[in-house]
Each structure stands twice: as C-alpha cells, then as structure tokens.
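Next come the chains, spelled out residue by residue.
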Amino acid sequence: MTPTRHVTPVCGTPCWVNRMTRNLRAAQDFYSAVLGWEFRPGSLGTGFSVASVHGRSVAGLAEVAPGLPMAWAWSPYFAVADADTTAARVRERGGTIAVGPVRFGLGRGVMAADRDGAVFGFWEGRALPWSAGRGNAPAFLELRTRDAFDAAIFYAEIFDWASGEPGCCEVTYAYEQDTVTVRHGKNTVATLRGGGVGESPDPRVRPRWHVHFQVDDVESVIAAARAAGGTATPVVPSPGGGTESVISDLSGGFFTVWTESVLAGPLTTADQEPV
C-alpha cells in the first residue's frame, strides 16, 4: 500500500471536516450506506477514521469516550501557523476554546466556538490533501450566523483573512443579502450568511457551520438516509444552483447534500490521492 501523503495547508483556509461520535462503527455504517464512503484508519490514533470516495479523502469520523463533552455536529477545521496564537486571538475577541491545543500525530488541534456559539476547529501542522469549494472539492462550507459582517470580522482577525499577505483569503460582502464570500485565489472556500437565531429550538437555524457534500442524486441520498435511520428535509433549490437537502444522521448530526444543475461529473482516477 502506498504511504498516505500529507501536505502543509495554506494558513487561514479550510483544511478538513470532522464528525465526533460515540459509536464509530454505527457512524461508518450510516455514511457508507448514505454517501458511499469507504473508511480506513486515520493517522491521529485509535478511534479516528478517514472517509474516502474513489480513493480521495473526504472527511473524518472520530470516536469519543463516554462522558467527554464535545460538539456532536460536523465541524470544519482551518489551517493555522501557530495554534497557541490563534487560540489567544479567539479568546480576545469573545470566542471560547473548548479543547486544546492538543497534540495529534503530525500537528496540534483545537476545538473552539465563535461569539455566537458556532463550533469550529483549527489545525497546526501537516494534513491530508483536501480543499473546500464548489465543483469537485470534497466539501463546501457555509456559516449561518446572526450577523455575517460581524462574523467576518471575527474570523478575519483570527485567521488573517483580507490581511493583504500573499496567499491569504479574501472576503467580499453583499450588504443586501447579508452574505460574506471567502475566497482563496479564484476558489470560493466558504460563505457566511446572516439570519441565524441563537435561541431557536431548531438547531438547523441556530448559528453553526454547515458542511455540504456534493452528490450525484439528492433524492436517492434522502431515500438511503431514511432507510438507514436518519431524517431528511424536502428537496429545495440550492443557492448555487441545483438542489439540496439537510440530512440528520443517527445521533442528530446535520449535514447538507447538494447537486449542481449541471454536474461536474464524478471523481475519476485523475483526482485520486495515494492511500
């Protein structure tokens, strides 16, 4: 087997998405049935696994010991040069640090929450080849928050977005839609949208990061999710064109599946990475 390749991600960009679970085997069975994912052991230790499609890493699942308080939603991770410096920036700007910095394998990870309670992580060190965005990227990230402009200031200050430094992310704000677009080069890596309601009983509209996975057929994924014991919302138009649905897994972790109006096509051997 070819050794797994690791790279140094660009600081400030999304570098991974992960789901914590109490039952790793059950979670693997669900995502295999619903999204066709295959799993292999991760490099971060026992209880970590990497999901892939056609040999390309998509996301991670991690089993957490009973009694350990953790966020049970899909969480994005952003690459940073220094986890301690970023953690200090989070605290200084009204966010919270839940766990870390903690040493895992080739780097250090932190779980945090922004001023409105949306959970996210950041990672210092080498990582699997991965990217976020539309098209053939493994995932697309969207923050639903109370005020997109205020959230953009928070994340820009901790991740050096719009700093003018070479290679950093750029942000643009559409006032009419209360939407912030985060780009790295020509690629849109995340969208921040206003309208989240912090006290809502519906977790889908409370401030949080939404992870979107592209699929070939939303309707078939909905059917598979319901058959596997999950739930799904009715199909609706996707902001980027095409359709989407919000799926809930066996323990209530939400994620969005979407398809473009004209699909870029399935991953091919040219898109694969060593495993």
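Below: a short report on this structure. (Residues numbered from 1 in each chain as written. Predicted model: local features only at pLDDT ≥ 70, side-chain atom pairs only at ≥ 80, totals over all residues. Heavy atoms only, no water.)

1. Some thoughts on the packing of aromatic side chains
- Throughout the structure, instances matching the rule amount to 22 aromatic pairs.
- Taking the centre distance of 5.3 Å and the plane angle of 15 degrees together, the rings of Tyr-31 and Trp-37 count as stacked.
- Geometrically, the ring pair formed by Trp-74 and Phe-213 is edge-to-face, given 5.4 Å between the ring centres and 75 degrees between the ring planes. Here Trp-74 is found in strand 5 (residues 74-80), whereas its partner Phe-213 is found in strand 13 (residues 208-214), with 139 residues between them in sequence. (Phe/Tyr/Trp six-rings, centres within 6.5 Å; stacked < 30°, edge-to-face > 60°. Helix = DSSP H or I, 4+ residues; strand = E, 2+ residues; numbered from the N terminus.)

2. Things to note about empty space enclosed by the protein
- Applying the stated criterion to the full structure yields one cavity of 30 Å³ or more.
- In this structure, the largest cavity encloses a volume near 30 Å³.
- Taken together, Asp-114, Arg-115, Asp-116, Thr-145, Asp-150, Ala-151 and Phe-154 make up the full set of residues lining the largest cavity.
- Partitioned by chemical class, the residues of the lining of the largest cavity number two nonpolar, one polar and four charged. (1 Å grid on protein atoms, 1.4 Å probe; cavity = no way out; pocket = protein on both sides within 12 Å on 5 of 7 lines; lining within 4 Å. Points joined across faces, edges and corners; volume = space filled by probe spheres on them. Nonpolar A, V, L, I, M, F, W, Y, C, P; charged D, E, K, R; others polar.)

3. Thoughts on the packing of helix 2 (residues 83-92) against helix 3 (residues 148-159)
- The N-to-C vectors of helix 2 and helix 3 enclose an angle of 150 degrees; their axes lie 9 Å apart at closest approach. What the angle tells us is that helix 2 and helix 3 run roughly antiparallel. The two elements helix 2 and helix 3 meet at a crossing, and its hand is right-handed. Facing Thr-86, Arg-89 and Val-90 of helix 2, the residues of helix 3 in contact are Phe-154, Glu-157, Ile-158 and Phe-159. (Axes fitted to C-alpha atoms, helices over the stretch in contact; angles between N-to-C directions. Parallel < 35°, antiparallel > 145°, perpendicular 65-115°, else oblique. Left-handed = near helix turned anticlockwise from the far one by under 90°. Contact = heavy atoms within 4.5 Å.)

All quantities given are derived from atomic positions and should not be read as evidence of function.
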